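# Examining the three-dimensional arrangement
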Amino acid sequence: MQQIIADAVHAALESLRASWPALEPDRVAFTVQPSSRPEHGDLQTNAAMIAAAQLGARDKRAVAADLAAALTFAPGTIARVEVAGPGFLNFFVDDRYYQDLVARVVAADDDWGRLTLGTGQSVNVEFVSANPTGPLTVGHGRNAVLGDVVARLHEWAGYKVTREYYFNNAGRQMHLLGESVRARYRELLGAPLELPEGGYQGGYIADIAATLRAEQGDELAAADEAVFRGAAERAIFAQIEATCARLGISFDRFFNEQSLYDSGAIQAVLDQLRTHDLAYEADGATWLRGEPLGLDKDRVLVKSSGEPTYRLPDMAYHLDKLGRGYETVIDVFGADHIDTCQEVLAVVRALGGDTERVKVMLYQFVTLTRDGQQVKMSTRQATYETLDGLLDEVGADAVRYFFALRSPTSHMEFDLALALRQANDNPMYYVQYGHARINSILRREEAAALAAEPLDLALLTDEAERALIVAVSRLPEVLARALAEHEPHRLPTYAAEVATAFHQFYDRCPILSAETRALARARLELAQAARICLRNVLAMLGVSAPERM
RNA sequence: GCGCCUGUAGCUCAGUGGAUAGAGCAGCGGCCUUCUAAGCCGAAUGUCGCAGGUUCGAAUCCUGCCAGGCGCGCCA
């Protein structure tokens, strides 16, 4: 409906060009929004006020009246248009449009909400991408959920989606990991504990060492760090994948940074940077020239040890992804990557990469609290909270719903003590309960009998019935906006809106025991549409839609 | 010091330059002989961090300031 009105307004503006020469219809950036109050109709637009400003017209209401007169709608869509307030146009949608929509939703079923705007296009979503140095933390949880929900939203919009995980199993941190495990292993053999400087202290290190001891006995007493590193990597990656699986997440591709060295891609980037005079040698290292790229300072690309910093592979990786032909490449990054991400994209752009296709989804950190006290998260000290632990406490549905619930830019708080009590507090239950309530009606024998009777949706005239249909009708536009803005939280917010409309309808409009059989039949169909809508929203979020609670 | 993010009801947070700023939770008052009360209805709750500016109109845009988070490494 939003689109129908927007198209009509565009057409009306075009038709008014003759009488208003100063008007540039394409530059009238108007919005069509749901009205905030019932007396303002179903939807409203500010188009006349924007146009009036462009025309320099003093009387905005007069412009609005002219625009309203120029609007044309197909029969059975808009019942009437009113000029109101400072120059709004309020649209009152024809009841028939909404009544018919119930049938459309039921017919669409699993496909209600699906869009076609991504048909024929592919998108790559890179997320989680934690190096295998330890179990996933609560912080990774937000990344995982945001990435997977964005991937799901793209699938619902018709895109072909690749879920990708980028990791590095080489370098200093992995070396430290190997040494940490070796130290624990030797401790098990009776040697004094000699953890390396800055080594990993989490309990999982000792667990890996204990497993090695159990499997191989004392044979590794003199083994090289690399042996322990390899074992640790395998164990930790298996755990990371298992944790993701618990969240309903799997990846299509694991991209190893090492492959960029093997293929020569990293050397190629370095060569090109030198060719463009964007790299120079100093102090035994290779530096990136910041100024021509709009960066505040120069950065090291290759350390004096000859080893590249993380930047170079990151640049090669983005060029690789862009070269694979995706229409859109999405990165899900925590707030700590903001600056480096700018550097990488600046270089990619300078080397001819089309960074317009790269969308960076930045999210702020999660503050963990327990019993009112803030919990600090660090992988190297053993003070983090694992995502597995959180899943044990509240379950996958709650983890997904909670992380998807807040805007990525919010510095959200996750209180573990609250999460434990969350059976009563979590807004997810409100939505799931709505779904379960509908199913309990549809399960009844009377419902099956009723469903066979003739359907007359024109009987749906109650305020609560109409409000529920309006809510259900909005799914496609909510999805479109969540996609455009990369804001998954719009879906839980919307789900609550639909659930509220349903609960109000349920309370006010008896279904099976309606005044007449015909009305009962019509309401049953509406309940069916509401069920489909809630189930599909929950599917977009990857949260279960229980039939009983 | 510089960059990015945030500041909205007691708490956690929505809010596309638009009309009287919303939800959940907590608290207060009602509603179960009737399809699931994990629900509904009602009342109450606000210096939209502060101060300027732009605009017909600002929680929203601009500037400055205050507070918190993150970053500014030859770590990733």
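Residues numbered from 1 in each chain as written. Chains lettered and ligands numbered in written order. Predicted model: local features only at pLDDT ≥ 70, side-chain atom pairs only at ≥ 80, totals over all residues. Heavy atoms only, no water.

## A few points about the packing of helix α2 (residues 47-55) against helix α3 (residues 60-70)
- Between α2 and α3, whose axes approach to 8 Å, the crossing angle comes to 120°. The angle between the axes of α2 and α3 places the two elements in the oblique class. In this structure, α2 crosses over α3, and the sense of that crossing is right-handed. Along the contact surface, α2 presents A47, A48, M49 and A52, while α3 presents K60, V63, A64 and L67. (Axes fitted to C-alpha atoms, helices over the stretch in contact; angles between N-to-C directions. Helix = DSSP H or I, 4+ residues; strand = E, 2+ residues; numbered from the N terminus. Parallel < 35°, antiparallel > 145°, perpendicular 65-115°, else oblique. Left-handed = near helix turned anticlockwise from the far one by under 90°. Contact = heavy atoms within 4.5 Å.)

## A closer look at the pairing of strand β5 (residues 122-126)
- Counted residue by residue, β5 has five buried out of five residues, so it is predominantly covered.
- Along β5, one buried face is formed by S122, N124 and E126 and the opposite face, lined by V123 and V125, is buried too.
- Pairing analysis gives five bridges linking β5 to strand β6 (residues 160-167), with the strands arranged parallel. From the neighbouring strand, E126 faces β6, where its bridge partner is E164.
- Note on the crossover from β5 through helix α5 (residues 138-156) to β6: the handedness is right-handed.
- Pairing of β5 with strand β11 (residues 328-334) involves four bridges; the strand directions are parallel. Residue pairing in the sheet places N124 in a bridge with V329 of β11. (Buried < 20%, exposed > 50% of the residue type's maximum accessible area, 1.4 Å probe, protein only. Pairing = 2+ DSSP bridges. Right-handed = clockwise from strand over helix to strand, strands pointing away.)

## Here we look at the packing of helix α6 (residues 172-188) against helix α7 (residues 203-216)
- Relative to each other, α6 and α7 sit at 60°, their axes nearing to 8 Å. In terms of axis orientation, α6 runs oblique to α7. Between α6 and α7 lies a crossing whose hand is right-handed. Contact with α6, carried on its side by L177, S180, V181, R184, Y185 and L188, involves I205, A206, I208, A209, A210, L212 and R213 of α7 and no other residues of that element.
- Taken together, the residues of the contact of α6 with α7 sort by class into 10 nonpolar, one polar and two charged. (Nonpolar A, V, L, I, M, F, W, Y, C, P; charged D, E, K, R; others polar.)

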